[in-house]
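Notes for the structure review
Residues per chain, in single letters:
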Amino acid sequence: MATNYENASSSMPGPTADPQLNQSTALESQSASNNNNKAVVVGLYGIPGSGKTFLLDQLKQKLGQKHFEFYEGSKMIADLVPGGLDAFQKQEEQEKVYWRQLAIDTIGKECADSRRVAVVAGHFMFWPEEEEAGQPVYTRNDLDTFTHILYLDAPTELVAQRCLDDTERKRPSASINHLRKWQQAEKTQLRHLCRHHGILFSLVFPHPTLLNKVSTLLRDFRHHTEEYNLSRAESRMDEVLVAGQGQLETVLIMDADRTLAAKDSGALFWKMVSNSRQSMDEESRLKTLFSSPLGYSYTAFRQAALLYEETADDQEFNALCEDVASAVTMHPEFVSLLRLVAKQEHVSAVVVTCGLRRVWDKVLEREGLSKTVKVIGGGRIADGFVVTAAVKAATVVRFRDIYHMYVWAFGDSVLDLPMLSKADQAVVVVGEEQTRSKTIDAALLNAIDNDGLRARQALLPSNASPRLDTTKLPLVQLTDPEFIDSIIRRRGSRHSLQVLHATDRNAAKLLMTPMRDATVAGPALREAHRRVGWYLATEFLVEMIEVEEYPIPHVQGHQTSGYRLCHEKKTLIVALMRGGEAMALGVNEAFPCAMFVHAKRPEDIEPHHLLQQRTVVLVDSVVNSGKTVVNFVRHIRSLHATIRIVVVAGVVQAQSVSEGSIAQTLVRNANFSLIALRLSDNKFTGRGTTDTGNRLFNTTHLS
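Read on for a plain summary of the structure. (Residues numbered from 1 in each chain as written. Predicted model: local features only at pLDDT ≥ 70, side-chain atom pairs only at ≥ 80, totals over all residues. Heavy atoms only, no water.)

Let's talk about the environment of Val623
Secondary-structure assignment places Val623 in strand S19 (residues 615-623). The sequence separation of Val623 and Leu679 amounts to 56 residues, and the corresponding C-alpha distance is 9.7 Å. (Helix = DSSP H or I, 4+ residues; strand = E, 2+ residues; numbered from the N terminus.)

Concerning the sheet that holds strand S18 (residues 595-599)
Here we have six strands laid out as an open sheet, ordered S14-S21-S20-S19-S17-S18, and parallel in their pairing. Since the sheet does not close on itself, it has two edges, and those belong to strand S14 (499-501) and S18, each with one partner. Each strand axis lies, on average, 20° off the axis of its neighbour in the sheet, ignoring direction. Its contacts with the sheet put helix H22 (residues 522-545) on S14, S19, strand S20 (644-653) and strand S21 (672-680), and the angle it makes with S21 is roughly 135°. Against the sheet, helix H25 (residues 627-639) engages strand S17 (571-576), S18, S19, S20 and S21, with an angle of about 165° to S19. (Pairing = 2+ DSSP bridges. Axes fitted to C-alpha atoms, helices over the stretch in contact; angles between N-to-C directions. Contact = heavy atoms within 4.5 Å.)

With respect to the packing of aromatic side chains
Applying the stated rule across the entire model yields 17 aromatic pairs. For the pair Phe334 and Phe410, a centre-to-centre distance of 5.8 Å together with 80° between the ring planes defines the contact as edge-to-face. Placement of the pair is Phe334 in helix H15 (residues 332-342) and Phe410 in strand S11 (residues 406-411), with a sequence separation of 76 residues. Residue Phe334 is classed as buried on the basis of its relative accessible area, which comes to 0%. For Phe410, a relative accessible area of 0% translates into the label buried. Their ring planes at 90° and their centres at 6.2 Å tell us that Tyr535 and Phe540 sit as a pair that is edge-to-face. In this structure, Tyr535 and Phe540 share a single accessibility class: buried. Taken together, the ring pairs connect Tyr45, Phe124, Tyr138 and Phe146 into an aromatic cluster. The residue whose ring lies beneath Arg380 is Phe317, and the NZ or CZ to ring-centre distance is 4.5 Å. Sitting over the face of the ring of Tyr550, Arg564 holds its NZ or CZ atom 4.3 Å from the ring centroid. (Phe/Tyr/Trp six-rings, centres within 6.5 Å; stacked < 30°, edge-to-face > 60°. Buried < 20%, exposed > 50% of the residue type's maximum accessible area, 1.4 Å probe, protein only. Lys NZ or Arg CZ within 6 Å of the ring centre and 35° of its normal.)

Thoughts on the packing of helix H2 (residues 73-80) against helix H4 (residues 93-114)
H4 packs onto H2 with a crossing angle of 105° between their chain directions and a minimal axis gap of 9 Å. Taken together, the axes of H2 and H4 lie roughly perpendicular to each other. Between H2, through Met76, Ile77 and Leu80, and H4, the contact on the second element is made entirely by Trp99, Arg100, Leu102, Ala103, Thr106, Ile107 and Glu110. The residue inventory of the contact of H2 with H4, partitioned by class, reads seven nonpolar, one polar and two charged. (Parallel < 35°, antiparallel > 145°, perpendicular 65-115°, else oblique. Nonpolar A, V, L, I, M, F, W, Y, C, P; charged D, E, K, R; others polar.)

Points about empty space enclosed by the protein
Where empty space is left can be seen by rolling a probe of water-molecule size over the atoms. Applying the stated criterion across every chain, the model contains one cavity of 30 Å³ or more. Roughly 50 Å³ of volume is contained in the largest cavity. Together, Tyr45, Tyr138, Asp142, Leu143, Phe146, Ile149, Leu190, Leu193, Cys194 and Ile199 line the largest cavity. Mapped by element, the contributors of at least two residues to the lining of the largest cavity are helix H5 (140-145) and helix H7 (176-196). Top element by residues in the lining of the largest cavity is H7. It accounts for three residues. (1 Å grid on protein atoms, 1.4 Å probe; cavity = no way out; pocket = protein on both sides within 12 Å on 5 of 7 lines; lining within 4 Å. Points joined across faces, edges and corners; volume = space filled by probe spheres on them.)

A word on the pairing of strand S15 (residues 547-553)
For S15 and strand S16 (residues 559-565), the ladder comprises seven bridges, and the chain directions are antiparallel. Paired with Glu549 across the bridge in S16 is Tyr563.

A few points about the packing of helix H9 (residues 226-241) against helix H17 (residues 389-402)
Where H9 contacts H17, the two axes come as close as 10 Å, and the packing angle between them is 45°. The angle between the axes of H9 and H17 places the two elements in the oblique class. Of the two possible hands of crossing, H9 and H17 adopt the one that is right-handed. Note on element contacts: H17 touches H9 through Val391, Ala394, Thr395, Arg398 and Phe399, opposite Asn229, Leu230, Ala233, Glu234, Met237, Asp238 and Leu241. The residue inventory of the contact of H9 with H17, partitioned by class, reads seven nonpolar, two polar and three charged. (Left-handed = near helix turned anticlockwise from the far one by under 90°.)

Points about the sheet that holds strand S9 (residues 347-356)
Read from one edge of the open sheet, six strands run S10-S9-S8-S11-S12-S13, paired in parallel fashion. Lying at the two open borders of the sheet, with one neighbouring strand each, are strand S10 (373-378) and strand S13 (455-459). The average angle at which neighbouring strand axes cross in this sheet is 20°, direction not considered. Bridge count for strand S12 (residues 425-430) against S13 is five bridges, and the pairing is parallel. Looking across to S13, one finds that Val427 is bridged to Arg456. Along the sheet, H17 makes contact with strand S8 (250-254), S9, S10 and S11, crossing S9 at roughly 160°.

In structure tokens:
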């Protein structure tokens, strides 16, 4: 980190001679944004006079300091160095490096402890006009700490005028040409360094909307992790399918670029930008990015979204997407297939693209398919998520396992292989040799030989040469009546009832005895219910949801492995009042990190209770007809379409799970199951002195 007054050299002798530029590391498995223990630290850079300090003050007023902390680099160093900036200026270079490193380390630690986002204004290099090369003043610690860098790309004419007009601080004069050279050197080096160190980078420009633009980016940076990205993508998946959830049996999940059409909409976009700005550099933007150490990681796709952000505002972006869409022609075989699918109530199609959602929305609209074929994709920060290979695979898994649908997947590249591998049926789309993916063959062969992938290939156009050989990857024609019939034929429901109970176990007989004993009531009965809750949680719930490992201190002084419910902190236990409270407390004792809520009515469960939760455990002492449970399930489904729901009860009437309302609910709702200590054929419903709630709380005399 550099101060506003720092002009001493660092270890880098010139604008392109930084040895750290060559120290690239493999970043696909260690995205900075995905490190949950690392603070979000955003650097705000730009040459002197670009307006960093002014913007920092504006951001502080607009965003406040509840979730953000704002730092001026020079002030941070002045506060740390005994004697302030004057003393710092007199030190040897190695001493200055020490204080710069301490400054950024301090910021990182403060914000990791406070869980706030740091926004740090500082300098990347200084470059007196009389010198041949600039003098960078960043440190390795900066590269290790920053998660994002925003570069204020102000017009150099404006910067030069500001420097002349600035009466508060002494700024060396510089020509516009020199400022332009300085600024370009910073942008080039920063972009390169960021890609080699997993830092997201974007240019921002002086404009009346600058404050709102940067504020939006900072709010996004604050919470956007790979896990958050997947949750937003899953929400989009639910939006796409929830309307037809009761009827749909089959879904076609399709890649877009070079699958539905021969052309790549991303490449077309950047070619159009390049032509309009007469710059060949623009055309290779995405290729350069994905060829960097970021590869095809989550961070790389987030960086791609920032490239689109810095290249065009919303109006220009929409216009470019219109132009790109007009240049994209879908394969007629897919148009025909999708129009046929649109007529089927039980079959749906979804486009999942790593490319530009807006382009494919427009392409499908032109073909008259936008009402029946929805697009899951990104391209802009406002989309909320980016599509990676992992998101594509998660789409298949979600539709297959949560919605219990039969999944067909169509794709053409390495990014599609995880999706193809998890689908019930996989089709590799093979285009003409000169335009199709060159990298998939080896990975495809490995997936077939070693990972169990069973796929077929469709040649588009039909005279394209096949991939691999047609024994390993058999040919299929998308227009073949038998192939079409295999897609649109009825398959029936894939939902299965999941009811676990301990009716015939000796443990259940022992645990049930005090619950059935008419002489046991009040605290003793509540304790019996608590024990049943703990037993059902540890015997059945952990088998249904599974457990996860986490580190614990061993009694002998070293670290060892402990176990807890998988995603325990994202589990909500709901005690159905009042009879379910004691048993629910037993479940909570087994899973102490879970959230606990009392609910007398379904409406007592509010949207914020389900926020970022994975499982809801509804606990009641007795389930008779199941009407209460069904009402709770319907309410929860109205708030969250796909969250796992598990009902835990002491006694459940057997008829309710075989032909009653619970059975019907289980069939219609995916991801819903029931655990009981005992299934009972006795249709008796307790009332008054025999009501379980009255017995639990000694209120039988009030009935």
